[in-house]
Structure formats: C-alpha cells, structure tokens
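Commentary on secondary and tertiary structure
Okay, here's what each chain looks like letter by letter:
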Amino acid sequence: MEEKQTIVALGAGSITKRVFPDGRIERCDNVKDVGLYIEKIDEMIERKRKLFED
C-alpha cells in the first residue's frame, strides 16, 4: 500500500503521519499505556504541533 495521505491520530498507541510534498514521511507515535498517555498528553500535543508547523 502506498503512503500518500497525512493522518492525524489521537489516543493511546496511535501514530500520526505527515506526508510532505516532496514525498518525505515523518511519524509521531503516542505511548501505548493509557495511564502514561494521560500523564504525558501535553508532551504528545507539543510533538504533533511541531510536526505540523510550517
């Protein structure tokens, strides 16, 4: 399967993927443990924010 689309994923264990116009792909994963996810939510939001800056 070819990766052509940007995906924004929310929730424990999910992976956000950004596909750039030049074909480069970057991923940002969330922790799998729900307790840890809740604990680190601000950190994960900031990582996603940086991924989509431009």
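Residues numbered from 1 in each chain as written. Predicted model: local features only at pLDDT ≥ 70, side-chain atom pairs only at ≥ 80, totals over all residues. Heavy atoms only, no water.

Notes on the pairing of strand 2 (residues 25-29)
Which entries qualify depends on this criterion: Strands are labelled as partners when DSSP assigns at least two bridges between them. Segments assigned H or I by DSSP are reported as helices when at least four residues long, segments assigned E as strands when at least two residues long, and all are numbered from the N terminus.
Pairing geometry for strand 1 (residues 15-19) and strand 2, over five bridges, is antiparallel. Residue T16 lies in a different strand from strand 2, and its bridge partner there is C28.

Focus on the side chain of N30
To keep things clear, this is the line we draw: Burial classes: relative accessible area under 20% of the type maximum marks a residue as buried, over 50% as exposed, and values in between as partly exposed (1.4 Å probe, protein chains only). N or O atoms closer than or at 3.5 Å make up a polar contact, with two conditions inside protein: a donor-capable atom paired with an acceptor-capable one, and, for residues adjacent in sequence, both atoms drawn from side chains. Contacts between residues were defined by any pair of non-hydrogen atoms, one from each residue, lying within 4.5 Å.
Note on placement: N30 falls in the loop between strand 2 and helix 1 (34-39). Under the relative-accessibility criterion, N30 is labelled buried at 6%. A polar contact is formed between the side chain of N30 and the side chain of K48, at a distance of 3.4 Å. Discounting chain neighbours no more than four positions away, the residues touching N30 are A9, L10, G11, G13, S14, Y37, M44 and K48.

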